[in-house]
Amino acid sequence: MSTPNNETPPVCDYEGSTYQATFWDQGGRAYEDGAERVALRRLLPPSGKLMLEVGAGAGRNTPRYKGFERVVVMDYSVTQLEQAQERLGQSEAYVYVAADVYKLPFRPGLFDAATMIRVLHHMAEPQAALHQIRQTLQPDAVFILEFANKLNLKALFRYWLGRQDWSPFELEPVEYIPLNFDFHPKAIRQWLKEEQYVVQRHLTVSHFRINVLKRLVPTRLLVWLDSLAQLTGNLWQLSPSVFVRSQAVGQEPPAANLLDADESEFFICPECRQPLAAPQEDGFTCSCGLRWGKQNGIYNFKQPL
Ligand SMILES: [Zn+2]
(Lines give C-alpha, C1' and ligand atoms only; values in the text may rest on other atoms or scores of the structure.)
Protein backbone atom coordinates (compact mmCIF):
# COMPACT_ATOMS: atom_id res chain seq x y z
CA MET A 1 0.00 0.00 0.00
CA SER A 2 1.30 3.43 -0.82
CA THR A 3 0.12 6.97 -1.12
CA PRO A 4 0.54 9.26 -4.12
CA ASN A 5 3.79 11.16 -3.94
CA ASN A 6 2.42 14.66 -3.73
CA GLU A 7 -0.72 13.95 -1.74
CA THR A 8 -0.38 12.73 1.80
CA PRO A 9 -3.10 12.12 4.38
CA PRO A 10 -3.92 14.85 6.91
CA VAL A 11 -1.60 15.00 9.91
CA CYS A 12 -2.57 15.95 13.45
CA ASP A 13 -0.26 18.90 13.95
CA TYR A 14 0.95 19.74 17.46
CA GLU A 15 2.72 22.89 16.23
CA GLY A 16 2.64 25.47 19.02
CA SER A 17 0.91 23.00 21.37
CA THR A 18 1.42 22.90 25.12
CA TYR A 19 0.52 19.18 25.09
CA GLN A 20 3.55 18.17 27.18
CA ALA A 21 2.72 20.64 29.92
CA THR A 22 -1.06 20.35 29.95
CA PHE A 23 -1.51 16.65 29.25
CA TRP A 24 1.55 15.09 30.90
CA ASP A 25 3.14 17.47 33.41
CA GLN A 26 -0.02 18.89 34.99
CA GLY A 27 -2.64 16.50 33.63
CA GLY A 28 -2.57 13.78 36.29
CA ARG A 29 -0.94 11.27 33.92
CA ALA A 30 1.79 10.00 36.27
CA TYR A 31 0.13 6.58 36.31
CA GLU A 32 -0.01 6.29 32.49
CA ASP A 33 3.57 7.54 32.21
CA GLY A 34 4.74 4.99 34.79
CA ALA A 35 2.88 2.15 33.08
CA GLU A 36 4.49 3.08 29.75
CA ARG A 37 7.92 3.19 31.36
CA VAL A 38 7.46 -0.40 32.54
CA ALA A 39 6.18 -1.57 29.15
CA LEU A 40 9.07 0.03 27.26
CA ARG A 41 11.63 -1.43 29.64
CA ARG A 42 10.19 -4.88 28.96
CA LEU A 43 10.10 -4.53 25.19
CA LEU A 44 13.23 -2.56 24.31
CA PRO A 45 16.38 -4.37 23.26
CA PRO A 46 19.05 -3.83 25.95
CA SER A 47 21.32 -2.06 23.49
CA GLY A 48 21.50 -0.88 19.91
CA LYS A 49 23.00 1.64 17.55
CA LEU A 50 20.46 3.88 15.92
CA MET A 51 16.83 4.27 16.98
CA LEU A 52 14.07 6.14 15.15
CA GLU A 53 11.47 7.64 17.48
CA VAL A 54 8.43 8.55 15.39
CA GLY A 55 6.26 11.25 16.92
CA ALA A 56 8.63 11.96 19.78
CA GLY A 57 6.78 15.12 20.81
CA ALA A 58 8.61 16.88 23.61
CA GLY A 59 10.85 13.86 24.23
CA ARG A 60 9.00 12.35 27.20
CA ASN A 61 10.05 8.78 26.30
CA THR A 62 13.39 9.56 24.64
CA PRO A 63 15.60 9.11 27.76
CA ARG A 64 14.17 5.57 28.01
CA TYR A 65 16.11 4.67 24.85
CA LYS A 66 19.45 5.13 26.58
CA GLY A 67 20.62 1.65 25.49
CA PHE A 68 20.95 3.09 21.98
CA GLU A 69 24.00 5.04 20.92
CA ARG A 70 21.95 7.53 18.92
CA VAL A 71 18.27 8.40 18.64
CA VAL A 72 16.66 10.26 15.77
CA VAL A 73 14.02 12.29 17.60
CA MET A 74 11.35 12.87 14.95
CA ASP A 75 8.12 14.80 15.10
CA TYR A 76 5.89 16.68 12.68
CA SER A 77 5.99 19.76 14.87
CA VAL A 78 9.10 21.95 15.09
CA THR A 79 7.95 23.53 18.33
CA GLN A 80 7.55 20.10 19.95
CA LEU A 81 11.13 19.33 18.91
CA GLU A 82 12.30 22.62 20.42
CA GLN A 83 10.75 21.50 23.70
CA ALA A 84 12.47 18.11 23.30
CA GLN A 85 15.79 19.90 22.79
CA GLU A 86 15.27 21.85 25.99
CA ARG A 87 14.52 18.66 27.86
CA LEU A 88 17.25 16.45 26.37
CA GLY A 89 19.91 18.96 25.36
CA GLN A 90 21.92 19.21 22.17
CA SER A 91 24.17 16.20 22.22
CA GLU A 92 25.66 13.82 19.68
CA ALA A 93 23.23 11.17 20.95
CA TYR A 94 20.19 13.01 19.58
CA VAL A 95 19.36 14.03 16.02
CA TYR A 96 16.26 16.23 15.80
CA VAL A 97 14.17 15.88 12.64
CA ALA A 98 10.85 17.46 11.66
CA ALA A 99 9.14 15.29 9.06
CA ASP A 100 5.86 13.83 7.85
CA VAL A 101 5.47 10.12 8.66
CA TYR A 102 3.91 9.61 5.22
CA LYS A 103 7.08 10.99 3.56
CA LEU A 104 9.98 9.91 5.72
CA PRO A 105 13.31 11.49 4.75
CA PHE A 106 15.56 8.54 5.71
CA ARG A 107 17.65 6.15 3.64
CA PRO A 108 16.12 2.68 3.30
CA GLY A 109 17.33 0.20 5.91
CA LEU A 110 18.95 2.87 8.08
CA PHE A 111 17.73 2.02 11.60
CA ASP A 112 18.16 -1.00 13.84
CA ALA A 113 15.08 -0.09 15.89
CA ALA A 114 12.06 2.21 15.89
CA THR A 115 9.25 3.16 18.23
CA MET A 116 5.93 4.89 17.70
CA ILE A 117 4.09 5.55 20.96
CA ARG A 118 0.73 7.33 21.16
CA VAL A 119 1.01 8.42 17.56
CA LEU A 120 -0.92 5.90 15.43
CA HIS A 121 -3.91 7.21 17.35
CA HIS A 122 -3.82 10.29 15.06
CA MET A 123 -3.41 8.50 11.74
CA ALA A 124 -6.01 8.39 9.02
CA GLU A 125 -3.78 6.03 6.99
CA PRO A 126 -2.11 3.83 9.60
CA GLN A 127 -0.98 1.15 7.20
CA ALA A 128 0.76 3.70 4.97
CA ALA A 129 2.69 4.93 8.01
CA LEU A 130 3.70 1.37 8.98
CA HIS A 131 4.86 0.85 5.41
CA GLN A 132 7.01 3.99 5.48
CA ILE A 133 8.61 3.03 8.78
CA ARG A 134 9.36 -0.49 7.53
CA GLN A 135 11.30 1.02 4.61
CA THR A 136 13.65 2.76 7.04
CA LEU A 137 14.40 -0.42 9.04
CA GLN A 138 17.11 -3.00 8.64
CA PRO A 139 15.99 -6.63 8.42
CA ASP A 140 15.61 -7.94 12.01
CA ALA A 141 15.18 -4.44 13.42
CA VAL A 142 12.80 -4.19 16.39
CA PHE A 143 9.70 -2.01 16.08
CA ILE A 144 7.68 -1.08 19.16
CA LEU A 145 4.22 0.25 18.39
CA GLU A 146 1.62 1.56 20.79
CA PHE A 147 -1.98 1.87 19.67
CA ALA A 148 -5.28 2.91 21.22
CA ASN A 149 -7.48 -0.17 21.47
CA LYS A 150 -11.15 0.08 20.48
CA LEU A 151 -11.79 -3.37 22.03
CA ASN A 152 -11.33 -2.10 25.60
CA LEU A 153 -13.55 -2.98 28.56
CA LYS A 154 -15.08 0.47 28.85
CA ALA A 155 -16.08 0.47 25.16
CA LEU A 156 -17.50 -3.04 25.52
CA PHE A 157 -19.73 -2.08 28.45
CA ARG A 158 -20.84 1.14 26.82
CA TYR A 159 -21.73 -0.79 23.67
CA TRP A 160 -23.64 -3.49 25.56
CA LEU A 161 -25.52 -0.83 27.54
CA GLY A 162 -26.53 0.94 24.33
CA ARG A 163 -24.54 4.05 25.15
CA GLN A 164 -22.17 3.81 22.20
CA ASP A 165 -23.22 3.49 18.58
CA TRP A 166 -20.04 1.88 17.19
CA SER A 167 -19.17 -1.75 17.74
CA PRO A 168 -15.83 -2.53 19.39
CA PHE A 169 -15.85 -5.87 17.56
CA GLU A 170 -15.62 -4.48 14.04
CA LEU A 171 -12.16 -4.36 12.51
CA GLU A 172 -12.48 -0.84 11.10
CA PRO A 173 -10.86 1.99 13.08
CA VAL A 174 -13.26 4.30 14.91
CA GLU A 175 -12.67 8.05 14.58
CA TYR A 176 -14.40 9.30 17.71
CA ILE A 177 -13.24 12.88 17.24
CA PRO A 178 -11.54 14.21 14.08
CA LEU A 179 -8.05 12.70 13.65
CA ASN A 180 -8.37 10.56 16.80
CA PHE A 181 -8.68 6.86 16.08
CA ASP A 182 -9.00 3.68 18.10
CA PHE A 183 -8.00 0.42 16.43
CA HIS A 184 -8.91 -3.24 16.66
CA PRO A 185 -5.91 -5.40 17.73
CA LYS A 186 -6.61 -7.87 14.93
CA ALA A 187 -6.49 -5.11 12.31
CA ILE A 188 -3.15 -3.91 13.67
CA ARG A 189 -1.71 -7.43 13.47
CA GLN A 190 -2.98 -7.82 9.93
CA TRP A 191 -1.35 -4.54 8.79
CA LEU A 192 1.92 -5.42 10.49
CA LYS A 193 1.97 -8.77 8.74
CA GLU A 194 1.20 -7.24 5.35
CA GLU A 195 3.98 -4.69 5.82
CA GLN A 196 6.61 -7.34 6.66
CA TYR A 197 6.77 -7.26 10.41
CA VAL A 198 6.49 -10.36 12.60
CA VAL A 199 4.69 -9.76 15.89
CA GLN A 200 6.67 -11.06 18.88
CA ARG A 201 4.92 -9.83 21.99
CA HIS A 202 1.93 -7.82 23.25
CA LEU A 203 1.70 -5.89 26.50
CA THR A 204 -1.63 -4.42 27.52
CA VAL A 205 -1.14 -1.07 29.25
CA SER A 206 -3.11 1.43 31.35
CA HIS A 207 -5.71 -1.07 32.59
CA PHE A 208 -6.63 1.22 35.47
CA ARG A 209 -7.14 4.44 33.53
CA ILE A 210 -10.13 5.37 35.67
CA ASN A 211 -10.14 8.75 37.39
CA VAL A 212 -11.52 7.56 40.72
CA LEU A 213 -8.83 4.85 40.96
CA LYS A 214 -6.10 7.29 40.02
CA ARG A 215 -7.28 9.60 42.79
CA LEU A 216 -7.65 6.97 45.49
CA VAL A 217 -4.83 4.50 44.82
CA PRO A 218 -1.20 5.62 45.20
CA THR A 219 0.41 5.95 41.76
CA ARG A 220 3.23 3.53 42.54
CA LEU A 221 0.78 0.84 43.57
CA LEU A 222 -1.35 1.38 40.49
CA VAL A 223 1.71 1.18 38.22
CA TRP A 224 2.74 -2.03 39.98
CA LEU A 225 -0.72 -3.55 39.48
CA ASP A 226 -0.60 -2.50 35.84
CA SER A 227 2.84 -4.07 35.44
CA LEU A 228 1.31 -7.42 36.51
CA ALA A 229 -1.74 -7.06 34.28
CA GLN A 230 0.50 -6.17 31.31
CA LEU A 231 1.82 -9.72 31.30
CA THR A 232 -1.54 -11.08 30.10
CA GLY A 233 -1.10 -9.08 26.88
CA ASN A 234 -0.36 -12.10 24.71
CA LEU A 235 -3.58 -13.81 25.86
CA TRP A 236 -6.12 -11.04 25.36
CA GLN A 237 -6.13 -7.28 24.78
CA LEU A 238 -8.91 -5.42 26.58
CA SER A 239 -6.96 -2.40 27.87
CA PRO A 240 -7.22 1.09 26.32
CA SER A 241 -3.56 1.04 25.27
CA VAL A 242 -1.60 -1.84 23.75
CA PHE A 243 2.14 -2.12 23.06
CA VAL A 244 3.27 -4.51 20.33
CA ARG A 245 6.86 -5.49 19.70
CA SER A 246 7.54 -6.80 16.22
CA GLN A 247 10.54 -7.49 14.08
CA ALA A 248 11.19 -6.38 10.51
CA VAL A 249 11.38 -9.35 8.14
CA GLY A 250 11.89 -9.84 4.41
CA GLN A 251 14.85 -9.14 2.17
CA GLU A 252 13.86 -5.68 1.03
CA PRO A 253 15.00 -3.05 1.58
CA PRO A 254 18.70 -3.84 1.97
CA ALA A 255 20.53 -2.53 4.99
CA ALA A 256 22.27 0.74 4.30
CA ASN A 257 25.01 0.04 6.87
CA LEU A 258 25.13 3.62 8.00
CA LEU A 259 24.70 2.85 11.69
CA ASP A 260 28.02 4.51 12.49
CA ALA A 261 27.89 7.12 9.74
CA ASP A 262 27.74 10.84 10.25
CA GLU A 263 24.14 12.01 10.56
CA SER A 264 24.46 14.05 7.37
CA GLU A 265 24.41 10.73 5.47
CA PHE A 266 21.06 9.61 6.89
CA PHE A 267 18.74 11.56 4.64
CA ILE A 268 16.89 11.31 1.35
CA CYS A 269 14.73 13.99 -0.24
CA PRO A 270 11.18 13.30 0.98
CA GLU A 271 9.79 14.47 -2.38
CA CYS A 272 11.97 12.80 -5.01
CA ARG A 273 13.53 10.18 -2.66
CA GLN A 274 17.09 10.67 -3.94
CA PRO A 275 19.87 10.49 -1.34
CA LEU A 276 20.95 13.90 -0.10
CA ALA A 277 24.67 14.52 -0.01
CA ALA A 278 27.08 17.27 0.93
CA PRO A 279 25.08 19.33 3.40
CA GLN A 280 25.72 23.04 3.64
CA GLU A 281 25.77 24.86 6.95
CA ASP A 282 22.02 25.48 6.90
CA GLY A 283 20.71 22.35 5.19
CA PHE A 284 20.70 20.38 1.94
CA THR A 285 20.07 21.12 -1.70
CA CYS A 286 18.57 18.20 -3.59
CA SER A 287 19.38 17.60 -7.25
CA CYS A 288 15.62 18.00 -7.89
CA GLY A 289 16.05 21.62 -6.85
CA LEU A 290 14.34 21.53 -3.45
CA ARG A 291 16.21 22.89 -0.42
CA TRP A 292 15.77 21.40 3.05
CA GLY A 293 16.83 23.49 6.01
CA LYS A 294 18.51 22.95 9.34
CA GLN A 295 17.88 25.57 11.98
CA ASN A 296 18.96 25.63 15.61
CA GLY A 297 19.92 21.98 15.45
CA ILE A 298 16.64 20.78 13.90
CA TYR A 299 16.51 19.32 10.39
CA ASN A 300 13.30 20.44 8.71
CA PHE A 301 11.86 18.05 6.12
CA LYS A 302 8.33 19.22 6.71
CA GLN A 303 8.55 22.00 4.17
CA PRO A 304 11.29 22.93 1.71
CA LEU A 305 12.93 26.34 2.07
ZN1 LIG B 1 14.59 15.96 -4.30
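Residues numbered from 1 in each chain as written. Predicted model: local features only at pLDDT ≥ 70, side-chain atom pairs only at ≥ 80, totals over all residues.

## Notes on the overall build of the chain
Per the secondary structure count, the chain includes eight helices and twelve strands. For 305 residues, the compact-globule formula gives about 19 Å, and the C-alpha radius of gyration of the chain, at 19 Å, lands near that figure. For the chain, the spread of C-alpha atoms along the three principal axes comes to 60 × 35 × 35 Å. The proportion of buried residues among the 305 residues of the chain is 43%. Expressed as a percentage of contacts within the chain between residues at least 6 apart in sequence, the contacts between residues at least 24 apart total 68%. (Helix = DSSP H or I, 4+ residues; strand = E, 2+ residues; numbered from the N terminus. Rg over C-alpha atoms; globule rule 2.2 N^0.38 Å. Buried ≥ 20, exposed ≤ 12 C-beta atoms within 10 Å, placed from the backbone. Contact = placed C-beta atoms within 7 Å.)

## A word on the packing of helix 2 (residues 30-43) against helix 8 (residues 219-229)
Their axes nearest at 9 Å, the elements helix 2 and helix 8 cross at an angle of 40°. The pairing of helix 2 with helix 8 is recorded here as oblique in orientation. Between helix 2 and helix 8 the crossing geometry is right-handed. Seen from helix 2, the contacting residues are A30, Y31, G34, A35 and V38; seen from helix 8, they are T219, L222, V223, D226 and S227. (Axes fitted to C-alpha atoms, helices over the stretch in contact; angles between N-to-C directions. Parallel < 35°, antiparallel > 145°, perpendicular 65-115°, else oblique. Left-handed = near helix turned anticlockwise from the far one by under 90°.)

## A short note on the sheet that holds strand 10 (residues 283-285)
Ordered by their spatial adjacency, ten strands build an open sheet running 8-9-5-4-1-2-3-12-11-10, and the pairing between neighbours is mixed. The sheet is open, and its two edges are formed by strand 8 (197-205) and strand 10, each paired on a single side. With strand direction ignored, the average angle separating the axes of adjacent strands in the sheet is 20°. (Pairing = 2+ DSSP bridges.)

## Some points on the confidence of the model for the chain
Per-residue confidence for the chain gives a mean pLDDT of 92; residues scoring 70 or more make up 96%. The model gives residues 1-5 a pLDDT under 50, and that stretch makes ten contacts with residues more than four places away or in other chains. (pLDDT = per-residue confidence, 0-100.)

## Side note on unusual backbone geometry
Unlike most non-glycine residues, R118 shows phi in positive territory, near 55°. Assignment of secondary structure puts R118 in the loop between strand 4 (111-116) and helix 4 (126-136). The backbone of L179 shows a phi angle near 60°, a positive value even though the residue is not glycine. Along the chain, the position of L179 falls in the loop between strand 6 (174-177) and strand 7 (180-182).

## Focus on the pairing of strand 1 (residues 48-54)
Burial analysis of strand 1 places five of its seven residues in the buried class, the great majority of the element. Direction of pairing for strand 1 relative to strand 2 (residues 68-75): parallel, over a ladder of six bridges. Opposite L52, over in strand 2, you have V72 as the bridge partner. Here four bridges tie strand 1 to strand 4, and the two strands are oriented parallel to one another. By the bridge assignment, V54 is partnered in strand 4 with M116.

## Description of helix 4
Among the residues of helix 4, those classed as buried are P126, A129, L130, Q132, I133, R134 and T136. Of the surrounding elements, those touching the buried residues of helix 4 are strand 1, strand 4, strand 5 (137-148), helix 6 (185-194), strand 8 and strand 9 (241-248).

## Structural notes on the pairing of strand 6
Looking along a regular strand, one sees the side chains alternate between the two faces of the sheet. One ladder, built from three bridges, connects strand 6 with strand 7; its direction is antiparallel. Paired with I177 across the strands is N180, a residue of strand 7.

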